[in-house]
Amino acid sequence: MANDPVLPPVARVSGRRITIRDLQAAKDAGERWATLTAYDALTAGVFDGAGIPVLLVGDSAGNVVLGHATTLPVTVDELVSMSAAVVRGTRRSLVVADLPFGSYQAGPAQALETAARFLKEAQVHAVKFEGGTQVVPQVHALVEAGVPVMGHLGLTPQSVNQLGGFRVQGRGDDGERLLDAAVALEEAGAFAVVLEAVPADLAERVSKTLRIPTVGIGAGAGTDAQVLVWQDMAGLSPDPVPRFVKRYADLRGVLDSAARAYAADVASGSFPTVEQAYG
């Protein structure tokens, strides 16, 4: 991996964990980097070995792991357990955990209590939560307490009921409000901001305005980094997938073929053979 010319320098850090300082250095140098979600040790280990600098234990687990229609039912206990597994399965990726719905909105004290659980029990390296100016006090409190915070603007899935569905955000006058919110998050101490499902020109403008990195998902190519849900990226998620997703494999097809072949071998008696039996 150290000699791979495709990976940016931040992805070639070896012998230690990537830090938020590395991500800021990448922004300053104009280097782009990839982020993927992860929810278990084995998958996280694959991504860690592939040189993915940042792994997000997202509340998207509610959809792709737990089978919920939205992220809202996900609990702190569930995400703490998944986050701990991801940390144990990696050696160099910076691991960021989502704070789920209802675990930080009440104010700074609640947010700090929740974040402390993720840092102490799961040993993550940063947390992420949704919202603009309304969560600035939470961001400030956590940063003051030594907790790195990643913001999240645009389409915020925890607010899906208020937004009226999964819709592009930041068009028209809303774009100015989103930019103002991004600046407020930076001023409060956030080390990065996710921009989800916003117009590409707005995302590029925000990225050029902020000193800290922006992480796009459905926000065009003008952000400093990109993030995808790994099941979408690898082709495990069923159709339809969002417009912004690019599938880099057909893992759903591979698993389907493997499961069918296994079932057929069991039915025919060709598995197990003597090679899979103990004497």
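Predicted, not measured: the structure shown is a model, and the values here were computed from it. (Residues numbered from 1 in each chain as written. Predicted model: local features only at pLDDT ≥ 70, side-chain atom pairs only at ≥ 80, totals over all residues. Heavy atoms only, no water.)

1. Focus on the packing of helix H8 (residues 173-188) against helix H9 (residues 200-209)
Between two packed helices, both the angle of their axes relative to each other and the distance between the axes serve to describe the pair. Our working definition: With axes taken as lines fitted to C-alpha atoms, and helix axes fitted only over the stretch in contact, angles between N-to-C directions fall between 0 and 180 degrees. Segments assigned H or I by DSSP are reported as helices when at least four residues long, segments assigned E as strands when at least two residues long, and all are numbered from the N terminus. Every angle not falling under 35 degrees, over 145, or within 65 to 115 is termed oblique; those three ranges are roughly parallel, roughly antiparallel and roughly perpendicular. Throughout, a crossing is termed right-handed when the near helix is turned clockwise from the far one, and left-handed when it is turned anticlockwise from it by less than a right angle. Any two residues whose heavy atoms approach within 4.5 Å at even a single point are treated as in contact.
Relative orientation of the contacting elements H8 and H9 amounts to 30°, with a least axis distance of 10 Å. Relative to H9, H8 is oriented roughly parallel. In this structure, H8 meets H9 at a crossing whose hand is right-handed. Judged by residue contacts, Gly175, Glu176, Leu178, Leu179, Ala182 and Val183 of H8 engage Leu202, Arg205, Val206 and Thr209 from H9.

2. Digging into the UniProt feature "binding site: Mg(2+)" (unreviewed entry) in the protein chain
Rule in force here: UniProt positions are given in the numbering used here, feature names are shortened, and annotations may be inferred rather than shown by experiment. Classification of residues uses two cut-offs on accessible area relative to the type maximum, computed with a 1.4 Å probe and protein chains only: under 20% is buried, over 50% is exposed, and between them is partly exposed.
Mapped onto the present numbering, the UniProt feature "binding site: Mg(2+)" (unreviewed entry) falls on Asp59, Asp98 and Glu130. On the basis of their most widely separated C-alpha atoms, the annotated residues across 72 residues gather in one place, lying no more than 10.9 Å apart. Along the polypeptide, Asp59 turns up in the loop between strand S2 (54-57) and helix H3 (61-64). Asp59 gets classed as buried once you look at its relative accessible area, which sits at 4%. Once residues within four sequence positions are removed from consideration, Asp59 is found in contact with Thr71, Val74, Leu79, Asp98, Glu130 and Gln158. In this fold, Asp98 is placed in strand S3 (residues 94-98). With a relative accessible area of 3%, Asp98 lands in the buried category. The residues contacting Asp98, other than those within four sequence positions of it, are Leu56, Val57, Gly58, Asp59, Leu79, Phe118 and Lys128.

3. Section: the environment of Pro100
Tracing the backbone through its elements, the reader meets Pro100 in the loop between S3 and helix H5 (108-122). Excluding anything up to four places from it in sequence, Pro100 contacts Val74, Thr75, Val76, Leu79, Gln105, Phe118 and Gln158.

4. Thoughts on the domain arrangement of the protein chain
Accessible area lost during the coming together of the parts is what is often quoted as the interface size. What counts here: All domain edges in this entry derive from an automatic or database-based domain assignment.
In terms of domains, the protein chain is made up of domain 1 (9-248) and domain 2 (251-279). Just the C-alpha atoms count here: the centres of domain 1 and domain 2 sit 39 Å apart.

5. With respect to H5
Quick note on the threshold: Each residue after the first adds 1.5 Å to the expected span of a helix. Along the arc lie the directions from the helix axis toward the C-beta atoms.
Over its 15 residues, H5 runs 20 Å from end to end, which matches the ideal 21 Å to within 8%, given 1.5 Å per residue. Within H5, the full set of buried residues consists of Ala111, Thr114, Ala115, Phe118 and Ala122. Buried residues of H5, viewed axially, fall in a sector of 95°; they line one side. In H5, the exposed residues that point more than 90 degrees away from the buried face are Ala109, Glu113 and Lys120. Taken together, the buried residues of H5 touch helix H4 (76-88), S3, strand S4 (126-128) and helix H6 (136-144). Remark: Gln123 follows H5 within two positions and exhibits a positive phi of approximately 60°.

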